[in-house]
Each structure stands twice: as C-alpha cells, then as structure tokens.
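What follows is the residue order along each chain.
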Amino acid sequence: MAPDIFVRRARSADAVAISRLNNTFANDGQMLTRTPEMIALAIDDYVVVQAVGGGLLACGALKEYSPSVAEVAAIAVSREAHGKGLGRAIVGAVEALACKRGIYDVFALTLQPEFFAAIGYERVDRARYPEKIRRDCLGCARRFACNEICFAKTLMAEAKVPRAA
C-alpha cells in the first residue's frame, strides 16, 4: 500500500462517502444498496482506506450475527484504486476488528470468489450460517436468484487451541 494512504476506523462524517462508494457497485448489481442512514447506524463496524488529504478509496464492515460469528461485508474499492492492495487491507482491518471483539469465525458472501480464495478463505455452503439466512437472506429481493458464493475463514485458530506444554 502506498505511503500516502492509510486504513482507519470509519467516523460518522464518512457515512455519505461510504454509501456513495458502496452504491457505485450496487448500481451494477455487484453489491446491495446501503443508504447513508443505514451506514451511520452501523458506523462503528466500518473501516475505510483514505488518501492523505483526499477522499475514501475503500471501505468494509464487520456484520455480527452472534458472539462468535460475523460477516466480512460491504467490501468496496474505488475503481481507480483497484489492483493496489486496498481490498486486502480492508479485509485485514475488518478481520482485526473481529479479533478485537473476540470473533474468530468470519465469512463473506461474494461475487468475487477469486479474491477471497487468494486471501485464505475457503468456499463453504452458506447453510453453515443460518443466522445470516434468517436475518438477511429471507427478506432480500435477490433471495431466489442469489448468485453470491460463501467463503469462510477461521481467524487466530492457534488462540483457540491450547498448546501442549
């Protein structure tokens, strides 16, 4: 990542910019639409990549479903910043947020399976996450024609397994 950009937690003032970035891809059918109000309500779950003295280049969120399971969600990288490692940086920051909250089982529903496979996620059946299906999928307009693929990753697996003395 270039030295003139940095990852940080999102702030309330970022809600409109996050919505704009997200909805650039939602308009193409690649993501779900998120309003500034929806984002503002969950702003503590968002991380962003910002250019020094400039706008937001990428965003992502941690969407918790239980004390031990969360989704890596709303990953968006501005088109002009593709290929610069910002997607990896955002996912890494979302994973760090999950670990900070004590969540080690994360998943993502994506139309970019190659990306998630390249960063260590494994393809799994979405039925593994009934919390997601109950809370989001049943009410989604795309539920009968959803083509998103589910990927999962266990974070800090070594922290969960006691070491032999």
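Everything discussed here concerns the structure shown above.
Residues numbered from 1 in each chain as written. Predicted model: local features only at pLDDT ≥ 70, side-chain atom pairs only at ≥ 80, totals over all residues. Heavy atoms only, no water.

Caption draft 1: Focus on the pairing of strand β7 (residues 149-154). Pairing between strand β5 (residues 105-110) and β7: 6 bridges, direction antiparallel. Bridged to aspartate 105 within β7 is threonine 154. Note: strand β6 (residues 122-123) against β7, 2 bridges, orientation antiparallel. Paired with arginine 123 across the bridge in β7 is phenylalanine 151. (Pairing = 2+ DSSP bridges. Helix = DSSP H or I, 4+ residues; strand = E, 2+ residues; numbered from the N terminus.)

Caption draft 2: Examining the nonpolar core more closely. Counting residues in hydrophobic clusters, the biggest one holds 28 residues, and the most contacted among them are Val72, Leu86, Phe116 and Tyr121. Mapped by element, the contributors of at least two residues to this core are β2 (46-51), β3 (56-64), β4 (69-77), α3 (86-100), β5 and β7. The element best represented in this core is α3, accounting for 8 residues. In this structure, Leu21, Ala26, Leu56 and Ala76 belong to the second largest nonpolar core, which totals 17 residues. (Core = buried A, V, L, I, M, F, W, Y, C linked by side-chain atoms within 4.5 Å. Buried < 20%, exposed > 50% of the residue type's maximum accessible area, 1.4 Å probe, protein only.)

Caption draft 3: Seen up close, unusual backbone geometry. Positive phi values are uncommon outside glycine, yet alanine 74 reaches one of about 55 degrees. Locating alanine 74 in the fold gives a position in strand β4.

Caption draft 4: Region of the structure containing the sheet that holds β3. Spatial ordering of the open sheet is given by β1-β2-β3-β4-β5-β7-β6, a layout of 7 strands whose pairing is mixed. In this open sheet, the two edge strands, each paired with only one partner strand, are β1 (5-9) and β6. Two elements, β4 and β5, share 3 bridges in a ladder whose sense is parallel. Its bridge partner lying in β5, valine 69 is registered against aspartate 105. Sheet strands touched by helix α5 (residues 130-137): β3, β4 and β5. Its angle to β4, the strand with the most contacts, is close to 55 degrees. (Contact = heavy atoms within 4.5 Å. Axes fitted to C-alpha atoms, helices over the stretch in contact; angles between N-to-C directions.)

Spatial relationships are all this shows, so hold off on functional conclusions.
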